[in-house]
Amino acid sequence: MSVVTNTPLLSSAGVHSPEARLALAEALLAATDLQSFARQALDWLAYHAGVDQTLVAVADPASPNLLLIADHGIPSQVLADFVIRRDEATHPIVRAMDRAEGTYFAAAASRETPLAGIGFHAFPLRQDGDAASLGLLIAVASSPEVHPDVLWVARQLSRQPGRLMARPGLAESGFGQERMLLYSIINAVTDPILLTDTEGKLIIANTHAEKLFAAPEDASEGWRRAVALNNMLFSAALSTSAVTQTDLARRELLLVDPLEGSDLLFELLSSRAKDERQGTYVVSILRNITDLARAREEIEESYRTLRLAQAEVRDERHRLDLIIDSVADPILVTDPEGDIVLMNEPAERLFNVPVTASEAAQRNVRANGANLTSFVSNVLTRTGEQRYRGEIQLTDPSSGRALPVEALAGTILSEQGELVWVVTILHDLTEALEKEVLYERLKHASAELERKVQEATAELAQQNELLRRQHIELEQASALKSQFLANISHEFRTPLNAILGYTHMLLHGVTGAISEPQRKSLTRIDSNSRHLLALINDILDITRIEAGRMPLNLTRFRVTDLVDEVMSELEPIIRRSNLAVTTKTRSLPMVKTDRQKVKQVVLNLLSNALKFTPSGSVTIATTVDGKAGMVGIIVRDTGVGIPEESQSKIFEDFRQLDNSPTRGYGGTGLGLSICRRLAQMLGGSIELTSRLGEGSVFTLRLPVRPRRR
Amino acid sequence: MGDTRNPLVLVVEDYQDAREMYAAYLQFSGYRVAEAANGLEALDKTRELMPDIILMDLALPKMDGWEATRRLKADEQTRHIPIVALTGHALAGHAEGARQAGCDAFVTKPCLPDALVTEIERMLSARRSETSGSRRGTRTQGKTKQT
């Protein structure tokens, strides 16, 4: 039960201009139906009194419910809930209607009314003296105080219902009910629906529209601003729209969600509704197409992507064609029946020839095709294997050359797992096989070579070993020989010593006087013995040199002194020779070497020169090569000379040019051989230049100081 | 000839022909000669005869020339007697060995008798000049030999 209090009346009438009331009164009088009458009254109240949330309901004899005939600023939900039976006497609204005075429902007390939670006045509308109330005016108010204009309007309305309701058609019309139904329908529509005048002024809005275009009193500042913006946008849309020209206009309208703050895109459908009595209205339906727009964008994006993908696929396909054609190896794609569905250029050469080609070429192509088919059928039997490798014998159609190829096949399956194609790549094995053959040959040759090298190496090692042994044996033999020669020459000399001694004594008359023929014979014995001794001494020298047992006795001396000494020793021979023997020595550095051996060599060279020069001259000269640290002793003669082919031989053992037993010159034939050995021992050399019949030049070269050798 | 005042040469040589040849020639050349055929004999003869000079072959039986030389040179009595080594082996080492053993000179075989006499003459004259006015006062008239 709601608490109802009497409305205290304000006696402040006259605050509003009488002209305004007069105008309303005139308008009301002119009103032809209760509905427009009530609406004008409420509009007036809102405009003049600022009471902008009002409604008028009447009791219609044809309906059990109170009928809403006009409202202003009342939330549509309230209107939709405004279903009150007239005969429900206990209903607070019905009771208020039946009261004589107005009733104020405080916000706390309005719970059982359609305006639950809202404070309002309810004024019964009844003609003076009438017992029954015709209806009631409800004005939302936050306090019990009543605006005088509201009372006035209530009075005006009280006078009229009877008159207006008495008009035929009205009383029995289901107007109110239809209106309620209409509200319900409109509210049930999820799209915001608005009824406005042509300027966009709101007349009716459903709940969804109200969310966009109306803010509750306790709404936030943002909400209010969003609502204000929406209203502005909507009015602008209507005013700029073609609504004025056409019956139905369709346009897009961007509004703000007052609660979320997000953009909402609506399609605005506006149409004019002409009413004979109430003028022109605009009905606007807003359809939220935010999602739609997004979906469209997405679709467009998908489409673009699709187009791009298609282009890419086309490019890819093109590239693939190029690649396949550029591969030197034949590539074929066959269907499961073995028929070729695609092949590249190299494959064409093997499996396709123009009909004009030779019979042989045609035959080869057929044979190739058969071989390929057989290979592919093998692939097909190997289910489950993605790759298959094999070798096929093909024939080059044009040349008829055998063409061994390696075939590598891959299967392409459909999404359902069925085999769609077999891709086969053929690789020419000719070269590989040839290489293999060559490689085998090479390997064989290499192995053969290695075997031979090993054999040769083994043989070489064997020979080396043999040589090494022989070398040792030879060294031993050589040492034995040297020892033997040394011993034998000693043994020779003991008896020779006696022969020479006794011959000498006989010749010197130690044993008495000897006859001239005896002297002659003894002289022969003596000279032959001496020759034998010289031979033995020379052999001993050579043996000692070769055995490395010839000691070196190094001293410092002047070469010129040595030459003079040699000259004086040979003086008797020189004198007998009748040759012009001269020395051309120049100042030489002191040398350090084995004086005795140098002397032996020079003596030998000079003796030879004297011996082999029948006439002319013999010269001893000296040279020095400071840079090389060498001195030279040159013995030059104008003798018989030595032919070139023999010049190297004269240094050999037992060599004289005339090797016959009756040779005209004495000597052991070992002199030059020993000289060269001695010169080499001293780090020097003996050189010879000679011309037959013109003479010879022997040059002994010696280092100034002994060299480590 | 045979003059006791002539120098005494001890010829040590195992080869009889050579020994006698040298002896004959030395006597022919005016020396007194004693002979020994081996080292031991050489030692005995030296101590017995105290020769003026010894001609010593090195390769000797019983005691070789080196050993005999060493002993003679080790003996105060015989140290002063010059020894001329007579070697047939001209191979390296023989001359050095002879010198180390104490030989004063050496000649290589074959050596003609006159060459030997020349060497002996040289040695003796050198010794004479060294010991001029010595207690022995042995003098030999120099027998100049031609070359």
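As the structure is a computational prediction, the values presented were derived from the model and not from experiment.

Parameters and conventions
Residues numbered from 1 in each chain as written. Chains lettered and ligands numbered in written order. Predicted model: local features only at pLDDT ≥ 70, side-chain atom pairs only at ≥ 80, totals over all residues. Heavy atoms only, no water. Core = buried A, V, L, I, M, F, W, Y, C linked by side-chain atoms within 4.5 Å. Buried < 20%, exposed > 50% of the residue type's maximum accessible area, 1.4 Å probe, protein only. Helix = DSSP H or I, 4+ residues; strand = E, 2+ residues; numbered from the N terminus. Contact = heavy atoms within 4.5 Å. Phe/Tyr/Trp six-rings, centres within 6.5 Å; stacked < 30°, edge-to-face > 60°. Lys NZ or Arg CZ within 6 Å of the ring centre and 35° of its normal. Pairing = 2+ DSSP bridges. Axes fitted to C-alpha atoms, helices over the stretch in contact; angles between N-to-C directions. Buried area = accessible area lost by both parts, 1.4 Å probe. Salt bridge = Lys/Arg side-chain N within 4 Å of Asp/Glu carboxyl O. Polar contact = N/O pair within 3.5 Å; in protein donor to acceptor, adjacent residues only side chain to side chain. Nonpolar A, V, L, I, M, F, W, Y, C, P; charged D, E, K, R; others polar.

Novice: Describe the nonpolar core, and please don't skip the residues or the numbers.
Specialist: Residue and element names in this part refer to chain A. Judged by nonpolar contacts, the single largest core of 45 residues is most densely connected at Val598, Leu606, Leu610, Val618, Ile686, Phe698 and Leu700. Elements represented by at least two residues in this core include exactly α13 (516–546), α14 (559–569), α16 (595–611), β20 (617–625), β21 (630–637), α17 (671–681), β22 (685–691) and β23 (695–703). Broken down by element, the residue count for this core peaks at eight residues, all from α16. For Phe698, the contacting residues outside a window of four places in its chain are Leu605, Ile633, Ile634, Val635, Ile642, Ile650, Phe651, Leu672, Ile686, Glu687 and Leu688. If you look at the next biggest cluster of nonpolar residues, it comprises 29 residues, including Leu67, Leu137, Val146 and Leu157.

Novice: Break down the packing of aromatic side chains for me, with residues and values.
Specialist: Residues and elements named next belong to chain A. Counted under the stated rule, the structure contains five aromatic pairs over all chains. A ring pair is formed by Phe375 and Tyr388, whose centres lie 5.3 Å apart and whose planes are at 35°; its orientation type is tilted. Taken as a pair, Phe375 in helix α11 (residues 359–381) and Tyr388 in strand β14 (residues 387–395) lie far apart in primary sequence, 13 residues in all. No difference in accessibility class separates Phe375 from Tyr388, as the two residues are buried. The ring of Phe557 is capped by Arg595, whose NZ or CZ atom sits 5.4 Å from the centre of that ring.

Novice: Go over the sheet that holds strand β5 (residues 105–108) of chain B with me, naming the residues and quoting the values.
Specialist: Adjacent strands of a sheet pair through backbone hydrogen bonds, lying either parallel or antiparallel. Residues and elements named next belong to chain B. Spatially, the five strands line up as an open sheet ordered β2-β1-β3-β4-β5, and their pairing is parallel. Either end of the sheet is taken by a strand with one partner, and the two such strands are β2 (32–36) and β5. Taken pair by pair, the neighbouring strands of this sheet meet at an average axis angle of 20°, ignoring direction. The strands touched by helix α1 (residues 16–28) within the sheet are β1 (8–12), β2 and β4 (83–87), with β2 carrying the most contacts at an inclination of about 170°. On the sheet, helix α3 (residues 65–74) packs against β3 (53–57) and β4 and is oriented at approximately 155° with respect to β3.

Novice: Pulling in residues and values, what's your account of unusual backbone geometry?
Specialist: All names here are of chain A. Its identity as a non-glycine residue notwithstanding, Asn578 has a phi of 60°, on the positive side. Its location among the elements puts Asn578 in the loop between α15 (571–577) and β18 (580–584). The exposure class of Asn578 is exposed, given its relative accessible area of 69%.

Novice: Any details on the interface of chain B and chain A? Residues and values, ideally.
Specialist: The accessible area lost on association of the parts is a frequent measure of interface size. Taken together, the 22 residues of chain B in the interface contact 22 residues of chain A. Summed over both sides, the interface of chain B with chain A buries roughly 2000 Å², with 69% coming from carbon and sulfur. On the surface where chain B and chain A come into contact, there are zero salt bridges. For the pair chain B and chain A, the number of links is four residue pairs in polar contact (both at pLDDT 80 or more). In terms of residue count, α1(B) provides more of the side of chain B that touches chain A than any other element does, eight residues in total. Here the side of chain B that touches chain A is built from residues that sort into 14 nonpolar, four polar and four charged.

Novice: How would you explain the sheet that holds β21(A) if you had to name every residue and give the values?
Specialist: All names here are of chain A. A sheet is described by the order of its strands in space; here five strands give the open sequence β18-β20-β21-β23-β22, paired in mixed fashion. With one partner strand each, in any of the chains shown, β18 and β22 form the two edges of the open sheet. Strand-to-strand twist of the sheet, defined as the mean angle between neighbouring strand axes without regard to direction, takes the value 15°. Where β22 lies against β23, seven bridges are found, and the strand directions are antiparallel. Looking at the pairing, Arg691 lines up with Gly695 of β23. Its contacts with the sheet put α17 on β22 and β23, and the angle it makes with β22 is roughly 135°.

Novice: Please give an account of the pairing of strand β7 (residues 193–196) of chain A that cites residues and values.
Specialist: All names here are of chain A. In β7, alternate side chains face the same way, and those of Ile193 and Leu195 on one face and Leu194 and Thr196 on the other are all buried. Sheet topology places β7 next to strand β11 (residues 279–288); four bridges connect them, and they run antiparallel. Across the sheet, residue Leu195 finds its bridge partner in β11, namely Val283. In the sheet, β7 pairs with strand β8 (residues 202–205) via three bridges, with the strands oriented antiparallel. Pairing of Leu194 across the sheet is with Ala205, part of β8. In sequence, β7 turns back onto β8 through a hairpin of five residues, with Gly200 there showing a positive phi of about 95°.

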